[in-house]
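# Working through the structure, step by step
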Amino acid sequence: MDDPVRAAGQIVAIEQARAYVERTKQPIDLTNAGQLAGHLMEAEVLLAEIVTAFSEPADA
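Our subject in this report is the structure included herewith. Per chain, residue numbering runs from 1 following the sequence as it is written. Where totals are concerned, whole chains, interfaces and linings use all residues; where local detail is concerned, this predicted model gives features only for residues with pLDDT of at least 70, and gives and counts side-chain atom pairs only at 80 or more. Think of the side-chain values as coming from all heavy atoms in the structure, minus any hydrogens and water.

Looking now at the environment of Q16. Position of Q16 among the secondary structure elements: in helix α1 (residues 4-23). Sequence-wise, Q16 and I50 are 34 residues apart; in three dimensions their C-alpha atoms are separated by 9.3 Å. Any two residues having at least one pair of non-hydrogen atoms within 4.5 Å are treated as being in contact. If we skip the residues at most four places from it in the chain, Q16 touches L46 and E49. Only DSSP runs of H or I covering at least 4 residues are called helices, and only runs of E covering at least 2 are called strands; the numbering of each starts at the N terminus.

Set out below in structure tokens:
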């Protein structure tokens, strides 16, 4: 049986990633190391959240 809380977490993770992509459609200044690092760190966090949301739950 599907877990509605888990499904909601998956939807939130995907929507956060979509919002990030929408925000980053503008060109990123690759000469600005701080801005570039910020974008990369945000993308990494979002990917980790997606992996967590879609990982199979560990059996206790």
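Salt bridges are identified by distance alone: a Lys or Arg side-chain nitrogen within 4 Å of an Asp or Glu carboxyl oxygen. Across all of its chains, the model carries three salt bridges by this definition. In this structure, E15 and R18 form a salt bridge, with 2.8 Å as the shortest nitrogen-oxygen distance. Of this pair, E15 and R18 both sit in helix α1, separated by three residues, roughly a single helical turn. Each residue gets one of three labels from its accessible area relative to the maximum for its type: buried under 20%, exposed over 50%, partly exposed in between, using a 1.4 Å probe on protein chains only. Under the relative-accessibility criterion, E15 is labelled partly exposed at 40%. A relative accessible area of 53% places R18 in the exposed class.

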